[in-house]
Amino acid sequence: MQESPKELVARHLDEDRVLDLLRASIQTPSVTGSERGYADLLGQAMREMDFDHSEVLPFAEDRANVWGGLRGTGGGAGVMFLGHIDTVSVGDWAQQWAGSPREDPFGAVVVDGEMTGRGSADQKAGVVAAIMAMDLIKRSGVRLKGDVTGVFVADEEGGEPGSATGQSLGIKACVTEIEAGRIPSADFAVYTEPTTLQVYTAQMGFLTADITVHGESAYFGMPWLGRDALRQAHVLLSRLWDYSDGLWEAARHPLIERPFVLVTGVQAGGLVAVPGEAVISLIQKILPGQSLDEAQAGLDDLLKAAAVRDGIQATIEYTSPRDHPAGGTPAELIGENPHAATLQRALRTVAPDRGGVEGAPYWSEMSFTQRQLGIPTVYCGPGDISCCHTADERVSVREVIQATEAFALFILETCGVEPEMSPTPSKEML
């Protein structure tokens, strides 16, 4: 009697093998701008796993993407796993955990069933789960009909202040490779952002901007000789908050909730004098179905109105171009998708309380594959976004193993298996 897919996956799953790669991943720093070492590690790992493809693709000094996968025999759907290999910086991690086992942000220690370290949840756990799911299938001897590919990119995170990073240069380079046929395209893509193994079918869009209010400095004892940029910025802040309130009341999305403008910083002055310049930093949340062009025009119009109504002289710079000059576009998987349903079933097979549909409270790069390449895309991976970008970043070891199992089941069903090596379907999965 042939094995069911669940039995086949369980027999070939090697938990130590999964955790060894995750540990090595966390122990290899890959802060945005310096991703090449981790790309090399993943490329070497996929070569040692005897993947049909494995290639590191440098695109700048100390920066690279990496991809690899298994070639199908034909006739099945193609699956692509995507993930970013860069992380945010460690910040005050060592100070917060001084004297504890977690002191080293790249230590990859396990505490209370969770592996800790920078990048553990965001998103090396998801990248590792995708690779190890492909490795499991390779070691099982099953021959897939459709291709399964892992594409792992640099430059997704926001980047370091003052650096030319955080502009999605990695995924942009890979889109070019996919369009040229040098990396296989797919019928469905899973971007392995941390979702606690739920399926995120929609994401917010965003724009970030610095508004510079132009005044005129003057000696502090004679302030009437100047024009106080900070006082003008105070008026403009009120206009921005009123504008945000209007956005909030005007629209709501069932998965993403409401749009708004959040002021993230104000800088002005520094000398004992009338501030001659003030800078307001902000981010605007944009819902699926809303236009980034219209959001940009709305802020531009607000500044024009402030100039006429309040006499405020200000200029605006959009600071994080992604797939749009002002930011990142929202995206959503519209309607029923059979591959998304298969992914949900696979997740529920290994974790009955997972596999639900939710929306991403962040922006990542699904808009590139979905909008530019026409590949239906969702987010799904181990890890909880709420601890990411903090000194408390960690990921459940069990969740990483569950992700590996579920991804393998998903690949088997979606790509299809040659008949002589097909596992017997079961009521639990497939």
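Residues numbered from 1 in each chain as written. Predicted model: local features only at pLDDT ≥ 70, side-chain atom pairs only at ≥ 80, totals over all residues. Heavy atoms only, no water.

Would you mind showing me how to read the overall build of the protein chain here?
In terms of regular secondary structure, the protein chain is built from 11 helices and 17 strands. What you see for the protein chain is a C-alpha radius of gyration of 24 Å, in line with the 22 Å of a compact globule of 430 residues. Dimensions along the principal axes, computed over C-alpha positions, put the protein chain at roughly 90 × 50 × 40 Å. When each of the 430 residues of the protein chain is scored for burial, the buried share is 55%. Residue pairs at least 24 apart in sequence account for 78% of intrachain contacts in the protein chain once pairs closer than 6 positions are excluded. Of the accessible surface of the protein chain, which amounts to about 17,700 Å², a share of 50% is contributed by carbon and sulfur atoms. (Helix = DSSP H or I, 4+ residues; strand = E, 2+ residues; numbered from the N terminus. Rg over C-alpha atoms; globule rule 2.2 N^0.38 Å. Buried < 20%, exposed > 50% of the residue type's maximum accessible area, 1.4 Å probe, protein only. Contact = heavy atoms within 4.5 Å. Areas by Shrake-Rupley, 256 points an atom, 1.4 Å probe, with all protein chains shown as cover.)

Any chance you could explain helix H6 (residues 169-179) here in plain terms?
For the α-helix, the turn length of 3.6 residues means that residues three or four positions removed from each other point alike. For H6, the full list of buried residues reads Gly-170, Ile-171, Cys-174, Val-175, Glu-177 and Ile-178. On an axial view of H6, the arc spanned by its buried residues comes to 160 degrees, and they lie on one face. The inward-facing, buried residues of H6 abut strand S1 (53-60), strand S2 (63-70), strand S3 (79-84), strand S6 (148-153) and helix H10 (366-372). One or two residues past the end of H6 sits Gly-181, with phi positive at roughly 85 degrees. (Arc of directions from axis to C-beta.)

Explanation requested: the environment of Ala-64 in the structure shown.
Here Ala-64 is to be found in strand S2. A relative accessible area of 0% places Ala-64 in the buried class. As for Ala-64 and Gly-33, which are separated by 31 residues in sequence, their C-alpha atoms are 9.4 Å apart. Those residues within four positions of Ala-64 in sequence are excluded, and the remaining contacts are Glu-35, Arg-36, Ala-39, Val-56, Leu-57, Pro-58, Phe-59, Ile-85 and Ala-154.

For this particular structure, what's the right way to read the layout of surface pockets?
One way to see where empty space is left: roll a probe the size of a water molecule over the atoms. Each pocket or cavity is described by its volume, and for the second largest pocket that value is around 240 Å³. Contributing to the lining of the second largest pocket are Thr-208, Ala-209, Asp-210, Leu-262, Thr-264, Ser-281, Leu-282, Ile-283 and Thr-319. The set of elements that each furnish at least two residues to the lining of the second largest pocket consists of strand S9 (205-214), strand S10 (260-268) and strand S11 (277-286). Partitioning the lining of the second largest pocket into residue classes produces four nonpolar, four polar and one charged. (1 Å grid on protein atoms, 1.4 Å probe; cavity = no way out; pocket = protein on both sides within 12 Å on 5 of 7 lines; lining within 4 Å. Points joined across faces, edges and corners; volume = space filled by probe spheres on them. Nonpolar A, V, L, I, M, F, W, Y, C, P; charged D, E, K, R; others polar.)

It is not clear to me how unusual backbone geometry should be interpreted in this structure. Could you clarify?
Both trends apply: most residues other than glycine have a negative phi, and most peptide bonds are in trans. Along the chain, Asp-122 connects to Gln-123 via a cis peptide bond; the corresponding omega equals -10 degrees. Mapped onto the elements, Gln-123 comes out in helix H5 (residues 120-140). Even without glycine at this site, Thr-196 takes up a positive phi of about 50 degrees. Within the secondary structure, Thr-196 sits in the loop between strand S7 (188-191) and strand S8 (199-203).

Explain the sheet that holds strand S4 (residues 110-111) to me, please; I cannot follow it from the model alone.
Two pairing modes exist for strands in a sheet, parallel and antiparallel, and in both the strands are linked by backbone hydrogen bonds. Spatial strand order, S4-S5-S17: three strands in an open sheet with antiparallel pairing. Looking at strand neighbours, the two that pair on one side only are S4 and strand S17 (394-396), the edges of this open sheet. As defined by bridge partners, strand S5 (residues 114-116) adjoins S17 across three bridges and the pair is classed as antiparallel. Each residue of the ladder has a partner; that of Met-115, found in S17, is Val-395. (Pairing = 2+ DSSP bridges.)

When you look at the pairing of S8 in this model, what are you seeing that I'm missing?
Remember that side chains alternate between the two faces of the sheet whenever the strand is regular. For S8, the buried fraction is high: five of the five residues fall into the buried class. The sheet contact formed by S8 and strand S15 (residues 357-360) spans four bridges and is parallel. The partner of Val-199 across the bridge, within S15, is Val-357. Examined bridge by bridge, S8 and strand S14 (residues 331-332) share two bridges and lie antiparallel to one another. By the bridge assignment for S14, Gln-203 is matched with Ala-331.

Could you clarify how one ought to interpret the nonpolar core in this entry?
Side chains of nonpolar character tend, in soluble globular proteins, to be buried together. One finds Ile-131, Leu-144 and Phe-407 to be the most contacted residues of the largest nonpolar core, which totals 69 residues. Membership of the second largest hydrophobic core comes to 30 residues, among which are Cys-174, Val-175, Ile-178 and Ala-331. (Core = buried A, V, L, I, M, F, W, Y, C linked by side-chain atoms within 4.5 Å.)

Is there a simple way to explain the packing of aromatic side chains in this structure?
Working definition: an aromatic ring pair is given by the centre-to-centre distance plus the angle between the planes. If you walk through the whole model with that rule in mind, you get 10 aromatic pairs. Between the aromatic rings of Tyr-191 and Tyr-379, the centroid separation amounts to 5.6 Å while the plane-to-plane angle is 80 degrees, which identifies the pairing as edge-to-face. Placement of Tyr-191 in strand S7 and of Tyr-379 in strand S16 (residues 377-379) is noted, with a sequence separation of 188 residues between them. Take Tyr-191: its relative accessible area is 1%, and that puts it in the buried class. The exposure class assigned to Tyr-379 is buried, which follows from its relative accessible area of 0%. Judged by centre distance (6.5 Å) and plane angle (70 degrees), the rings of Trp-363 and Phe-368 are edge-to-face. The exposure class assigned to Trp-363 is buried, which follows from its relative accessible area of 11%. By the ring-pair criterion, three or more aromatic residues cluster together here, those being Phe-81, Phe-188, Phe-407 and Phe-410. Directly above the ring of Trp-97 sits Arg-102, whose terminal nitrogen or CZ lies 4.0 Å from the centroid. (Phe/Tyr/Trp six-rings, centres within 6.5 Å; stacked < 30°, edge-to-face > 60°. Lys NZ or Arg CZ within 6 Å of the ring centre and 35° of its normal.)

Looking at this model, I keep getting lost on the packing of helix H1 (residues 5-12) against H5. Mind explaining?
Packed helix pairs are characterised by how far apart their axes lie and by the angle those axes make with each other. For the pair H1 and H5, interaxial distance at closest approach is 9 Å and the crossing angle is 95 degrees. On the basis of their axis angle, the class for H1 and H5 is roughly perpendicular. Counted together, Leu-8, Val-9 and His-12 of H1 and Leu-136, Arg-139 and Ser-140 of H5 form the full contact between these two elements. Grouping the amino acids of the contact of H1 with H5 by side-chain chemistry returns three nonpolar, two polar and one charged. (Axes fitted to C-alpha atoms, helices over the stretch in contact; angles between N-to-C directions. Parallel < 35°, antiparallel > 145°, perpendicular 65-115°, else oblique.)

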